[in-house]
Structure formats: structure tokens, C-alpha cells
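# Coordinate analysis (summary)
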2 protein chains.
Amino acid sequence: MERLPKRQRHQQLSRLIEENPFITDRELTRQLKVSIQTIRLDRLELGIPELRERLKLMAERSYDSVRSLPLHEVIGDIVDLQLDKSGISMFEIRGEHIFSRTGIARGHHVFAQANSLAVAVINDEIALTASADIRFVRQVKLGEKCIAKAYVRSAGRSKAKVEVFTYVGEEMVFQGHFIIYRSAGEHGIEEVDERADRD
Amino acid sequence: MERLPKRQRHQQLSRLIEENPFITDRELTRQLKVSIQTIRLDRLELGIPELRERLKLMAERSYDSVRSLPLHEVIGDIVDLQLDKSGISMFEIRGEHIFSRTGIARGHHVFAQANSLAVAVINDEIALTASADIRFVRQVKLGEKCIAKAYVRSAGRSKAKVEVFTYVGEEMVFQGHFIIYRSAGEHGIEEVDERADRD
DNA sequence: TCTGCTATTAAAACCAGGTCCTAATTAAGT
DNA sequence: ACTTAATTAGGACCTGGTTTTAATAGCAGA
């Protein structure tokens, strides 16, 4: 009663499916030289779902990632705002903002908080980021609360310079210099609008 | 002969399937109050494949584009990826990405696409943005498809320089220079030094 | 040798979620 | 009334399975 062949086959089966989840049982019979029933018994024992189920799982995984883009309007809660002068916002790093492996926040969330604040602090109908020079000073981790402080350094007619520093506690974790376009009475930009909504 | 209902239904059908690709024809008959045959004719006319085919496509997309990477950590769909060399991703600006009044994309979404891609293209266990110098060249509007192209310019042991250019059609809308930290232990990567441009 | 056990294979019924084809029905336009 | 487009209905067939029930092969121990 060769037991080994079975275990070996199980290993091979797992490997084959892992490296090509699109394989059908019929294809597996060819590769492993056993009947299709054996393949199915094996999958049953190993808890490997059928092809369609596998594809569905993969599709789901890749779907809710697209769906769960949590980058909406203003990122973070605005705590204080003095238009054209300064602003403070608070943003807590949660599970959806991190690299799952490391627990470290993805840079664009930290950026998003700062960018949102830089735009919000500009007192204009339309304010858009033109450019930015940013530095991620240290990593931010799950659960940490980021306090971003924005200061308007200079405000011309069509551009404003805004500096943003983000802290976790005492520590600075991010800094950025933003150049923000403003509408300054409808010029330069084709589509002029009202100011962005605020919560 | 109300032609409108048909077109409207087609629109609704497309919308329904787009916002939930996991829906079956049977479910669609309930929502649209027409027979299942009509649904199938509609799908045929619109060139929308059956449920299983849709799931398979989604699975494929998420599989062979970035099998090694956790996809959900990337903003936009990776179209091409040559680790440590270059990468391309596609990101369509949708309603949730814009200033609702103006239809102009919020900067941090455009940044997020570029940042994700810059991190993804670095072949390392841990890759984090250290700093970035970015410019929003022109506004991006609702419905526009942003194609971001990333090129690894130099890859040292602990840092890599990545340039990202984002286009809508022929037009460049964003450019950024990223410095990415890498873990520099795990993989002894000493292969890449300086790379020339490539399309 | 017979019994018992595992592993394998086979066969048949059934299912979801369709395609493909033919035909009937309905609605509406002129 | 006749024509045409749109809709609905029905049945055969397909893939890639599940589930169940049975038969068969191979070997071990008493």
C-alpha cells in the first residue's frame, strides 16, 4: 500500500494549483496521471475549492481593493482653520491605510492629509495643488494619530506657498512645501468653480 | 415603439454590472424587470461577457500583473511591471476622486497612483517613500484615464530613485521624483545601477 | 485463505450559469 | 392591415464541477 505516492501527489497538486490557479481538474489528471475522481477527492481532502470558486475569490480580492479606496474628499478632521494663515488637522492611521505586512502607513495617505489641509487653508473659490516638495521623516504606524499643521508662507495673486508639518506626538513624521494655485478672480484656469465642500 | 427604454436599460445594465461585476443574469432580471433572455441579448449587444468570464478576467488581471505583490496596496491597475526597471499603471478618475463642484481630481489621488507605482516597481520586501518632489502639470478631470509610467533611475542598497510621469492621452499631467527606501537586506540586490529611458 | 482496510476508479444524477438557436408573442409605426 | 423591432419562451447543449453509490485493486494481519 504505497502511501507515499498519495502524499507526494497532494503536494504536487497543491503546488500545481498554487502556481496556476486557472488549471482545471481535467488538466490536472493529465499532469498527475490519476483519474479525475482522485483529483477531486484530493482537492476535497486538501480543502482546495473548485476552479470557479478560486477565480471568484481572486476576483473578490482584487475587487474590494479597488472599491475600498478610502481617499475621499478632505482627509483628516480639521481641528482649526484660519483662512490664508494656518490650519490643523488630525488623522488616525487605521487598518486600511497601512501596508498589511509591515503595519506602516502608505505614504500617500500621509500626503493626502497634508495636501487636503494645504488646499483647505487657502481661502479661495478654487485651490489646486501645483507642486510639492515633501519628505517622509519617519514611518507612521497603525493606530498613530497624525497632527498636521499648515502655515501659509506667502500668498500671491495666483499662487500661495504653504508649509505643512505632520507630527505624531512630539515627533515630526512628515514635512512638505506646497505651491497652491488659487483662482484669484477667475483667471488662468479654464474651469472656475466654487470652493470645495467642507465638513 | 419606445426606443428609449431599451437604451436606458442598456445604460442601467452597464452601470449595474460595473458597480457589481458579481451579479448574475437572474439577479439582473429582478432589478430591471425584464426576462432573462432580454438581459442576455442586451449583454450580447453591449459586448459584456457572462459572469464567469468577468470573474476570470478580473482574476487574470490581478494575477499576472502583480502576482508577487499584494495588489490592494496599489492605487490604479498595474498594466506592466518590470521590477527594478519600470512600470505602468492606469487609473481612471471617478466621482469619488474629484472636487465635486469642479470635476477636477484632488491632487492626492494623482499622487497616490504615482506613489503606489513607484513603490511597486521597487523589488523589495519593504519599500517606503522617503521623499518626493512633484509637480501637477495640469488638472485632471472626471473620467480621464491617467497612465503613470515609472522608471527606476538608480537603485542603491538602501535607496532608489524613481521618476514617474503621468499622462492623459498625449498630455503629461503630473511628474514626480521619488526617493524610495528599500530594506536592503533580504535580497542582495546589486544588479541595477543606472537605467536609460524606455517606453 | 479469508477478512478488512485503503486507495483508486467509475458511473450516474444533479447544479449553476450560462450559449446558441428557433419560434412565438407583443407593441408600435405607417 | 402590414411591417418591423423588441421581447419572451423553450429546449438542446456546454463546462466544470458536486454528491452519492458502487465496483475494483492491492496488500496486511489473523
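Treat the numbers as computed from the prediction; the structure is a model and nothing was measured. (Residues numbered from 1 in each chain as written. Chains lettered and ligands numbered in written order. Predicted model: local features only at pLDDT ≥ 70, side-chain atom pairs only at ≥ 80, totals over all residues. Heavy atoms only, no water.)

### Some thoughts on the protein's contact with DNA strand D
Leu51 and Arg52 of chain A together with Arg9, Ser35 and Thr38 of chain B are the nearest of the 18 residues found near DNA strand D. Sugar and phosphate atoms constitute 71% of the interface atoms of DNA strand D, taking the interface as everything within 4 Å of the protein. Separating a base oxygen of DNA strand D from a side-chain N or O atom of Arg52 of chain A is a distance of 2.3 Å. The residue makeup of the surface near DNA strand D, split by class, is 5 nonpolar, 4 polar and 9 charged. (Near = heavy atom within 4 Å. Polar contact = N/O pair within 3.5 Å; in protein donor to acceptor, adjacent residues only side chain to side chain. Nonpolar A, V, L, I, M, F, W, Y, C, P; charged D, E, K, R; others polar.)

### So, the nonpolar core
Formed by 73 residues in total, the largest nonpolar core has its most connected members in Phe111, Val162 and Phe178 of chain A together with Phe111, Val162 and Phe178 of chain B. In contact with Phe178 of chain B, other than residues within four places in its own chain, are Phe111, Ala114, Asn115, Ala118, Thr129, Ser131, Ala132, Ile134, Ala160, Lys161, Val162 and Val164 of chain B. (Core = buried A, V, L, I, M, F, W, Y, C linked by side-chain atoms within 4.5 Å. Buried < 20%, exposed > 50% of the residue type's maximum accessible area, 1.4 Å probe, protein only. Contact = heavy atoms within 4.5 Å.)

### What to know about the environment of Leu81 of chain A
All names here are of chain A. Tracing the backbone through its elements, the reader meets Leu81 in strand 1 (residues 77-82). Owing to a relative accessible area of 24%, Leu81 belongs among the partly exposed residues under this scheme. Residues Leu81 and Ala120, 39 residues apart in the sequence, show an inter-C-alpha distance of 8.3 Å. (Helix = DSSP H or I, 4+ residues; strand = E, 2+ residues; numbered from the N terminus.)

### With respect to the pattern of salt bridges
The final tally for this structure, using the stated rule, is 20 salt bridges over all chains. Close ionic contact of Asp84 of chain A with Arg182 of chain A constitutes a salt bridge, the shortest N to O distance being 3.0 Å. Residue Asp84 of chain A is located in the loop between strand 1 and strand 2 (86-92), and its partner Arg182 of chain A is located in strand 6 (residues 171-182); the two are separated by 98 residues in the primary sequence. Close ionic contact of Arg43 of chain B with Asp25 of chain B constitutes a salt bridge, the shortest N to O distance being 2.7 Å. One end of the pair, Arg43 of chain B, is in helix 3 (residues 36-46); the other, Asp25 of chain B, is in helix 2 (residues 25-32), with 18 residues separating them in the sequence. One exposure class covers both Arg43 of chain B and Asp25 of chain B, and it is buried. Salt bridges sharing partners connect three or more residues here, namely Asp25, Arg40 and Arg43 of chain A. (Salt bridge = Lys/Arg side-chain N within 4 Å of Asp/Glu carboxyl O.)

### Digging into the environment of Asp80 of chain A
By secondary structure assignment, the location of Asp80 of chain A is in strand 1. Leave out the neighbours within four places in its chain, and Asp80 of chain A touches Gly87 and Ile88 of chain A.

### Remarks on the confidence of the model for chain A
Residues and elements named next belong to chain A. Of the residues in chain A, 83% have a pLDDT of 70 or more, and the chain-wide mean is 80. Looking across chain A, the model is least confident in helix 4 (residues 51-67), with a mean pLDDT of 76, and most confident in strand 5 (residues 159-168), with 93. Under a pLDDT of 50 for its full length, residues 65-72 has, in the predicted model, 22 contacts with residues more than four places off or in other chains. (pLDDT = per-residue confidence, 0-100.)

### What to know about the packing of aromatic side chains
One pass over the structure, following the stated rule, counts 7 aromatic pairs over all chains. Summarising the aromatic geometry, the rings of Phe111 of chain A and Phe111 of chain B are spaced 3.8 Å apart at their centres and angled 25° between planes, so their arrangement reads as stacked. Separated into two different chains, Phe111 of chain A in helix 5 (residues 107-121) and Phe111 of chain B in helix 5 (residues 107-120) make up a pair that spans both. We note that Phe111 of chain A, like Phe111 of chain B, is buried. On the numbers, 6.2 Å between centres and 50° between planes, the contact of Tyr151 of chain B with Phe165 of chain B is tilted. Highlighted residues: Tyr151 of chain B in strand 4 (residues 145-155) and Phe165 of chain B in strand 5 (residues 159-168), separated in sequence by 14 residues. Residue Tyr151 of chain B is classed as buried on the basis of its relative accessible area, which comes to 10%. Given a relative accessible area of 16%, Phe165 of chain B falls into the buried group. (Phe/Tyr/Trp six-rings, centres within 6.5 Å; stacked < 30°, edge-to-face > 60°.)

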